[in-house]
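# Commentary on secondary and tertiary structure
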Amino acid sequence: MSSSPSDSSSRVPRWERLAGSPAVRRGGQWWLVSGVGSIPCTDPTFTGELDRFAATMATADQAIANLRSQQDEPPAPHPGRQR
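Bear in mind the structure is a predicted one, so any value in this text is a computation, not a measurement.

### Here we look at the overall build of the chain
- The helix and strand tally for the chain stands at one helix and four strands.
- Ordered by position from the N terminus, the helices and strands of the chain form the series β-β-β-β-α.
- Residue burial in the chain is summarised as follows: out of 83 residues, 12% are buried.
- Taking the intrachain contacts of the chain between residues at least 6 apart in sequence as the baseline, contacts between residues at least 24 apart amount to 17%.
- As presented, the chain carries roughly 7100 Å² of accessible surface, and 56% of it is formed by carbon and sulfur atoms.

Okay, here's the thing in structure tokens:
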């Protein structure tokens, strides 16, 4: 079954590299990619660790984005500190 351009899955990247490593997730499957080729990762323990690491990286990226957006906001007034 193919997806149409208006399908929400078409907005999801077709592949996602994990933190500059040779591990890449394509279509829900992990691959190790190099300049000479790629091989699928089939070991469930290894792919589970890749999934956990990817989730941890996503959480960290979100925390950093939240901190950056807070830095862009003007400071809130502090009631009771006026003279």
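### Here we look at the packing of aromatic side chains
- In the structure shown here, the tally under the stated rule is zero aromatic pairs.
- If you follow Arg26 out to its NZ or CZ, it ends over the ring of Trp31, 5.9 Å from the centre.

The rules behind these values
- Residues numbered from 1 in each chain as written.
- Predicted model: local features only at pLDDT ≥ 70, side-chain atom pairs only at ≥ 80, totals over all residues.
- Heavy atoms only, no water.
- Helix = DSSP H or I, 4+ residues; strand = E, 2+ residues; numbered from the N terminus.
- Buried < 20%, exposed > 50% of the residue type's maximum accessible area, 1.4 Å probe, protein only.
- Contact = heavy atoms within 4.5 Å.
- Areas by Shrake-Rupley, 256 points an atom, 1.4 Å probe, with all protein chains shown as cover.
- Phe/Tyr/Trp six-rings, centres within 6.5 Å; stacked < 30°, edge-to-face > 60°.
- Lys NZ or Arg CZ within 6 Å of the ring centre and 35° of its normal.

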